[in-house]
Each structure stands twice: as C-alpha cells, then as structure tokens.
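# Remarks on the overall topology
Residue-level listing of the chains:
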Amino acid sequence: MVKSPIPKKKVAKESLVYERKSGYESLSPADSKRMEEVSKDYLGFLGECKTEREAHDEAVKRLEAAGFRDLEALPEGARLSAGDKVYRGGAGKTVIAFVIGRKPLDAGLHILGAHIDSPRLDVKQNPLYESGEMALLDTHYYGGIKKYQWVSLPLALHGVFVRPDGKKISLTIGEAPGDPVFTITDLLPHLAQDQMKKTMSEAVEGEGLDVLVGSVPSKDKKSKEKIKRHVLELLKQRYGVVEADFVSAELEFVPAGPPREAGLDRSMILGYGHDDRSCAFGALRALLDLGGTPEHTACALLADKEEIGSYGSTGMESSFLENAVAELFNLTEGGYDGLKLRRALERSWALSADVNALHDPLYPAVSERKNAANLNQGVILTKYTGSRGKSGASDAHAEFVAQVRRIFDGAGALWQAAELGKVDQGGGGTIAFLMARYGMSVLDCGVGVLSMHAPWELIGKLDLYMAYKGYRAFLLDGRRSKTK
C-alpha cells in the first residue's frame, strides 16, 4: 500500500472544490460587529477625503495621533529601533508610513501600496469666462471617465490657491449644509435629437464639461463682462485671490455630498472615490491597528497620480518609496548602505492594494463568470492585470500567491480570485508593475467595485472589512518562504 504524501489531517481540512459564497453566511457575531465599526470609520474617512491632498492630510492626522513621527522632523542623530513608528509626506499629496520590525531592513519589508487620487474634473489654468449671461469654469477631466455621467449632478469644489508670496488658501464649497453647489448643464430631451444620435463617448465632449458658477452681474458699470467680474469679486472678498491666481491653483470638482449606506440591509456603501480610497483606508487602518511590533518592517504607501499613469514626483513611478527606505537605513543598521537598500527592496513582499471590478448582473456580457468577483464574497486576489494578451501586466509568482493565501486563510480573511473582465474586453493596471521593478514579490489585492470610475461607486461592507483584515495579517506575518 502506497502511503499518501498528504497528511490525513490536512485532507480533512481542505475542500476538494473551490467554492465561493456570500461571506455573510459564515460571518461570526464578533466579525459582524467589527465590520460595522470599520465601515462607519470608512464612511467618515471617505466623506472627508475627496482629493489626494485631503487624503494625505487625514492620513497624517491619524498617523500622528497614533504616535508616528515625521521622518523629516527627527532631531539630528536620532536612531530608530524595532517598534518605532515614522512617516514621510510628499508635496502634500502622497504619504508613506512605517512600523520598524524586529528583523533588519535588508531582510525585506511588508508593503501595502494604494493610491489616493480618483477620477475628477480639474479646473484649467485660465478657466473663468462669461457666455450666455452666465459665468463658467473650464475644466480638464482627470483619469478615465464616462463624460456623460458628470452632467446634471451637484458638484463641489475642493482645492487650493497658492499666492506668489507663498500663502496657501484652501477651500471647500458644496459640502457643508447650506453651501451652494455647482453643476454642468445638459440638453433637455425635446432638443437633444442630434445629441442622442451620437455615441455615448461623443454625446458630451471634454470641452463641454464646463461648470456653471454664477449668473449675477457686477455693479461695476465699466465692466464688459459683468457676471464674470462678479464671480471674481466674490473670490477676492472671500478668499483674497485674483484671476491670475488660477495659474497657481489646484482646484477639483467632485460629486457633492457624503457617502451613504446602501440597500435595505445596509450591506453596501455608495460614495465617490472608492477607487482607490477603500484600499488606501484599509491599508492605513491596518498599519494603525497592528497592535504590536511586526517581524518585518511594515509599510503603508498611499501614492498619487495612479489614475493618469503614476507619473510625476508624487506618483509611484518616482523614487519616493526608494528614497523613504533609504532614510530608514540612514537612521538604522549603522547608516545608509546602497547594497542593503537594494536587497531590502528586492526581498520585500508587497500587496498592490487596488480595486477590481465586480460582476454586474445588468452587464453580464463583459464578465467571464468563472473568473469574475462577486459582491460581498471577500477581498479580491488578482494574479495578473493588463489587457487582452496580458499587455502591461504585472503577473505575480505562484509561490507568492500561495503565501498570501496562507496568510489570509490563517487570519480568517475571506478572499476570492478574479480578473478584470473578459480577455478581449479590455483591462487595466495598478501600481504593481512599478513596485515589481525592484524585484519584490507583488500581488494585486483589493476591494471589488460596481460602477467603477463613475461619480458614485458602490462597494460591499464585507469586502472592505476582509481587505482590512487581510492587510493587517499580511503586515504582521513573520513566516517567510525561502522561494521568491
């Protein structure tokens, strides 16, 4: 008789068939209570963080409240040791935080990489004009959007003006009770015969996404554009800025209003910016809730500019991660060492914490059902991204995927495996390939989203909670595979 190489105990625990079902069927009372607490915290986070600057500021606020110190504010000669908590910001738009582990840095870090920018409408450099007895602001859409979704909605204006003397003026208009809101007008059906003959991508053009901001004329009798002038008068009166200050401003129109619980059972969350602030929140909260000193240095990286390719000094294509880890070496291990820095990055484990699409029963044709994610069935493991023939893909090693499965299963973090739609339908990418360039092991892992990139997106509470739970276990895991 040939002895089975698999212990009977292990066979009894493992299911022969990979089955997916609603996480609510196995959710314990303790997990249910914890899930509601995490979801409530996320609702507050998402409502406060509608831009990358706001997400950065909220992250820093939470980090400092938890005892994290700014790397750039440490005194001369400071040294870091296991258990120390530090962070570093980048231009007020990206932030990275660490909890120093027991093992040396060149043993590798455990990194959660998410992004905090979302599709929106950016105000142009010379935006304000008057036409048809109205004042409007010209915009340039940011990221991949369906332009027709952004008309006839209440919009809020978030951002900053920076004056030549360096003074920064922050503003948020359209969120507080009693605030005015803004909108982009659309044609009435009675006069839209020509518009409705166009394709959906052509019906509303990019240059047609101009936001209505005023209709009252100035009392200045000498002005030729009285309504535009009145808007400028209000900006000067309330914020101390003039028209030229639009050149050194970063102003973003986003959907107005707070996120809300959705469904009669309150099992979902409807809000702006789930992509990717759901994963950014999960990563940040996981780091804050570690509850102890990790074996390997734990890291949460919240990056900017992912929606437009991760370019720029605050995007993942920059050297921000590398420079931050170099600063850690300068404060530990006897000082900076270029070879050890390279070893640390190459030996790191990373989860590219970004969202994936959920199967939508209203649009089943775009999904390959066996490999599509389902609402509230757990955090999604995406072994590879890219489009069609895996173009632009980051493809995780099977050995690393197995390690993530082990970690999540051990923590009771429900997961599901999925791709982004049918092979020839399209595809997408994350920051994973930019992390993988260091040689580290990277897997895409995030929350599932319905109506992704729409002004209002939808996620499941259970999926958010399982992402947080899995992320925290990943940061704490100390059992490393010898195989990369």
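As a reminder, the structure under discussion sits directly above these lines.
Residues numbered from 1 in each chain as written. Predicted model: local features only at pLDDT ≥ 70, side-chain atom pairs only at ≥ 80, totals over all residues. Heavy atoms only, no water.

## Re the nonpolar core
Selection criterion: Only buried residues count toward a nonpolar core. Its members are Ala, Val, Leu, Ile, Met, Phe, Trp, Tyr and Cys residues joined through side-chain atoms within 4.5 Å. Residue burial is assigned from relative accessible area. The probe radius is 1.4 Å, only protein chains are included, and a residue is buried under 20% of its type maximum, exposed over 50%, and partly exposed in between. In this text, helices come from DSSP runs of H or I with a minimum length of four residues, and strands from runs of E with a minimum of two, each type numbered from the N-terminal end. The contact criterion used throughout is that any non-hydrogen atoms of two residues lie within 4.5 Å.
The biggest cluster of nonpolar side chains holds 61 residues, and the ones touching the most others in it are Leu287, Leu351, Phe408, Tyr471 and Phe474. Of the residues forming this core, the biggest block, 10 residues, is contributed by helix H11 (residues 461-476). Discounting residues that sit within four places of it in the chain, Phe474 has contacts with His110, Ile111, Leu112, Trp349, Ala350, Leu351, Phe400, Ile407 and Phe408.

## Overview of the environment of Lys103
Structurally, the position occupied by Lys103 is in the loop between strand E3 (94-99) and strand E4 (110-115). Look at Lys103 and you get partly exposed, because its relative accessible area is 33%. Spatially, the C-alpha atoms of Lys103 and Gly446 are 27 Å apart, while their sequence positions differ by 343 residues. Dropping the residues within four chain positions of it, Lys103 is found in contact with Glu295, His296 and Gly478.

## Overview of the sheet that holds strand E7 (residues 155-162)
What counts, and what does not: Only strands joined by at least two bridges in the DSSP assignment are considered to pair. Interaxial angles span 0 to 180 degrees and are taken between N-to-C directions of axes, which are lines fitted to C-alpha atoms, for helices over the stretch in contact.
An order of E8-E7-E10-E5-E6-E9 is seen for the six strands of this open sheet, with the pairing classed as antiparallel. Taken across any chain shown, the strands that pair with only one partner, and hence form the sheet edges, are strand E8 (168-173) and strand E9 (211-214). The average undirected angle you get between the axes of adjacent strands in this sheet is 30°. Across three bridges, strand E6 (residues 134-142) lies against E9 in antiparallel orientation. Considered in E9, the bridge of Ala135 is made with Gly214. Each of strand E5 (120-131), E6, E8 and E9 touches helix H5 (residues 226-239); the most contacted strand, E5, lies at about 125° to it.

## A short note on unusual backbone geometry
Outside of glycine, negative phi angles account for most residues, and trans bonds account for most peptide bonds. The peptide bond linking Asp275 to Asp276 adopts the cis configuration, its omega dihedral lying at 5°. Along the polypeptide, Asp276 turns up in helix H6 (residues 274-288). A positive phi angle, close to 55°, is found at Arg266, a residue other than glycine. Looking at the element boundaries, Arg266 is found in the loop between strand E11 (260-262) and strand E12 (268-271). The phi dihedral of His453 falls on the positive side, at around 70°, and the residue is not glycine. Within the element layout of this structure, His453 appears in the loop between strand E21 (448-449) and strand E22 (457-460).

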